[in-house]
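These are the residues of each chain, in order.
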Amino acid sequence: MNPIKKLTLTAMIIALTTLTSSFIFIPAGFAKIFPIQHLANVLTAVLLGPAYAVTQAFLVSIIRNMSGTGSIFAFPGSMIGALLAAILYRKTQSLKFACLGEVIGTGILGSLACYPLATLLLGEKAALFGFLPAFMFSSFAGAILAFILLKILLKNNYMKGFFYENSINDRRL
């Protein structure tokens, strides 16, 4: 896939992720735990690779924080999750490992990295019983959704060109 197509797909994922996770779900109170960003991390990692996955996670975090609907905790966690998902998918060509990378990267490493700041800003009890479970649940749910969505797309031949082309290109790099 050429760079223009990759950038276009990345921009579409950024726009959809930002809109759905920042604005649509805010009134319902789901923004902090809704797994759309984790779903986007895995999709971008699998379809486009590490550079685009990290770019997507970075831009969505920046846009959401500038709009006042983001969380400073989502920034490092999403970056780690997107990168780990992309690396594991590139090494194994397995959707399961890509999703596992998102869960480990964002849900575990990201939440633990943000925990000291969450404790300072939210207090120890809120960080331990609110922040950590929400962060981990959101990552886990997003990874499951990504796995199901990618399986459906593959099964129905919608994305085979993406996967096969990326697989060939990944082996060359």
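This one's a predicted model, so the numbers in the text were calculated from it and none came from an experiment. (Residues numbered from 1 in each chain as written. Predicted model: local features only at pLDDT ≥ 70, side-chain atom pairs only at ≥ 80, totals over all residues. Heavy atoms only, no water.)

Asks: So, helix α4 (residues 74-92): which residues are in play, and what are the values?
Replies: Taking 1.5 Å as the rise per residue, α4 with 19 residues should run 27 Å; its terminal C-alpha atoms sit 26 Å apart, in good agreement. For α4, the complete set of buried residues consists of A74, G77, S78, G81, A82, A85, A86 and Y89. Buried positions in α4, seen along its axis, are confined to an arc of 155° and lie on one side of it. With its phi angle positive at about 60°, Q93 sits one or two positions after the end of α4. (Helix = DSSP H or I, 4+ residues; strand = E, 2+ residues; numbered from the N terminus. Expected span 1.5 Å × (residues − 1). Buried < 20%, exposed > 50% of the residue type's maximum accessible area, 1.4 Å probe, protein only. Arc of directions from axis to C-beta.)

Asks: Pulling in residues and values, what's your account of unusual backbone geometry?
Replies: The backbone of Q93 shows a phi angle near 60°, a positive value even though the residue is not glycine. Mapped onto the elements, Q93 comes out in the loop between α4 and α5 (95-122).

Asks: Please give an account of the confidence of the model for the protein that cites residues and values.
Replies: Residues at a pLDDT of 70 or more form 81% of the protein, whose mean pLDDT is 80. Averaged pLDDT values over the elements of the protein bottom out at 49 in helix α7 (residues 160-172) and peak at 90 in helix α2 (residues 36-48). Ignoring residues within four places in sequence, the model shows residues 27-31, a span with pLDDT below 50, making 5 contacts including any to other chains. Below pLDDT 50 for its whole length, residues 167-173 participates in 7 contacts with residues either more than four positions away or in separate chains. (pLDDT = per-residue confidence, 0-100. Contact = heavy atoms within 4.5 Å.)

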